[in-house]
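# Descriptive structure summary
Chain by chain, the residues:
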Amino acid sequence: MQSEPGKKLPDRAKIDVRHVILVLSGKGGVGKSTVSVNIAKALAMKGKQVGLLDLDIHGPNVPKMLGLEEHQLLSENNKIVPVRVSEKLQVVSMAFLLPHRNSPVVWRGPMKSNAIRQFLEDTSWEPLDFLIVDLPPGTGDEALTIAQAAPNISGAIIVTSPQSVSTLDSSKAITFSRDLGMEVLGVIENMSGYICPSCGEEVDIFGKGGGEQIASEMNIPYLGRIPLDIDIRRSGDEGWPFVGKVADSPAWKSINDIIDRLLAEIESA
């Protein structure tokens, strides 16, 4: 990882975690937080000890998607205590520190960077198999800070929707990851096709295949596609992870297959 001439990068945070995975997107509106939440939950369901770190400082949505909006972060022995979702899943988010749901965070870069380091090293994370980091869209302060501060980064997942405007921005996130020396674990194409619940016909509302195409063009793994599903939308709005409640659907099978491919990519790295 490159630093400015004569300037030493800060030491990486000392936390007990085997694999840190950054979830990136080139643009907003592709369902990145939904993917992050469901990947974290799916890994926990497979028996992994998982932390989910919501670093969308200005628009933290993870607590809502997990039904945790009323929770606040507590402190114990001068350490932040993560909010526990289950025995295998714990969460930290800026939303837990806001006085009201509609309170904005009006911070410049240095304040965000300091908060991110606190969320890493001043938090009493239990020993983790995985720390899933949900980042805001783009390649700004949050992504750069976590890439320089987190230990044991296994790589980045790029979330895109099928449209070319999304895959174009995704290529920038891929290049960003490579410039920082991070492995790109693969591309996930979200909102890829809609299966009519009445007739079973699949309609490509946003197109199809853009994620697979960008993965091929940039020579990185393609982890799979997640179709549009009413229950995924409902789960996010109502605060329950889709993978924990809905089984035997095309979207559930897609997410499960993606997790298997992701674990295979990490093990082969």
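You'll find the structure just up there.
Tallying secondary structure elements over the chain gives eight helices and eleven strands in all. Relative to its length of 269 residues, the chain is compact, with a C-alpha radius of gyration of 18 Å against a globular reference of 18 Å. Overall size of the chain, expressed as C-alpha extent along the three principal axes, is 55 × 45 × 35 Å. In the chain, of all internal contacts separated by at least 6 residues, the share reaching a separation of at least 24 is 77%. If you sum the accessible surface of the chain, you get close to 12,600 Å²; carbon and sulfur atoms cover 48% of it. Of note, the chain has its 27 positive side-chain charges centred 3 Å away from the centre of its 34 negative side-chain charges.

Our focus in this paragraph is unusual backbone geometry. A positive phi angle, close to 60°, is found at N78, a residue other than glycine. Note that N78 resides in the loop between β3 (74-76) and β4 (79-81). Of note, M191 is a non-glycine position whose phi angle comes to about 60°, a positive value. Given a relative accessible area of 19%, M191 falls into the buried group.

Within the secondary structure layout, N190 lies in strand β9 (residues 184-195). Taking the relative accessible area as the measure of exposure, N190 reaches 7% and is therefore buried. A polar contact of 2.8 Å, which involves the side chain of N190, links it to the backbone oxygen of V30.

Taken together, the side chains of V203, I205 and F206 make up a nonpolar region of the molecular surface, amounting to roughly 240 Å² of accessible area. Its place among the elements puts F206 in the loop between β10 (202-203) and α6 (210-217).

Attention now goes to the packing of helix α3 (residues 109-121) against helix α4 (residues 141-149). For any two helices packed against each other, one specifies the inter-axial angle together with the distance between the axes. Running from N to C, α3 and α4 cross one another at 40°; their axes reach a closest spacing of 9 Å. The angle between α3 and α4 falls in the class oblique. The handedness of the crossing between α3 and α4 is right-handed. Listed contacts from α4 to G109, K112, S113, I116, R117 and L120 of α3 are D141, E142, T145, I146 and A149. Taken together, the residues of the contact of α3 with α4 sort by class into four nonpolar, three polar and four charged.

How each quantity is defined
Each chain has its residues counted from 1, running along the sequence as written. In keeping with the predicted nature of the model, local features appear solely for residues at pLDDT of at least 70, side-chain atom pairs appear and are counted solely at 80 or more, and the whole-chain, interface and lining totals rest on all residues. Excluded from the side-chain calculations are hydrogens and water; all other atoms, namely the structure's heavy atoms, are used. Helix numbering and strand numbering both begin at the N terminus, where a helix is a DSSP run of H or I of at least 4 residues and a strand a DSSP run of E of at least 2. Every radius of gyration here is taken over C-alpha atoms, with the globule rule written as 2.2 Å times N^0.38, N being the number of residues. Contact between two residues is taken to exist if any of their heavy atoms lie within 4.5 Å; hydrogens are not considered. Surface accessibility follows the Shrake-Rupley procedure with a 1.4 Å probe radius. Residue values consider only the protein chains on display as shielding. We count Lys and Arg on the positive side and Asp and Glu on the negative side, and we leave His and both chain ends out. For this purpose, a charge sits on NZ of Lys, CZ of Arg, CG of Asp or CD of Glu. Relative accessibility decides the category of a residue: with a 1.4 Å probe and only protein chains considered, values under 20% of the type maximum give buried, values over 50% give exposed, and everything between is partly exposed. Whenever a nitrogen or oxygen atom comes within 3.5 Å of another N or O atom, the pair is scored as a polar contact, on the condition that within protein one atom can donate a hydrogen and the other can accept it, and that pairs from neighbouring residues in sequence are kept only if both atoms are in side chains. A patch is a set of surface residues, each over 30% in relative accessible area and not in a salt bridge, joined within 9 Å for like charges and within 5 Å for the nonpolar side chains Val, Leu, Ile, Met, Phe, Trp and Tyr. Salt bridge criterion: a side-chain nitrogen from Lys or Arg within 4 Å of a carboxyl oxygen from Asp or Glu. In this description, a line fitted to the C-alpha atoms serves as the axis of each element, helices being fitted only across the stretch in contact, and the angle between N-to-C directions of two axes falls anywhere from 0 to 180 degrees. By the definition adopted for this analysis, an angle is roughly parallel if under 35 degrees, roughly antiparallel if over 145, roughly perpendicular if from 65 to 115, and oblique otherwise. By the definition used in this description, the sense in which the near helix is turned from the far one sets the handedness, with an anticlockwise turn below a right angle giving left-handed and a clockwise turn giving right-handed. Polar here means any residue other than Ala, Val, Leu, Ile, Met, Phe, Trp, Tyr, Cys and Pro, which are nonpolar, and Asp, Glu, Lys and Arg, which are charged; Gly is therefore polar.

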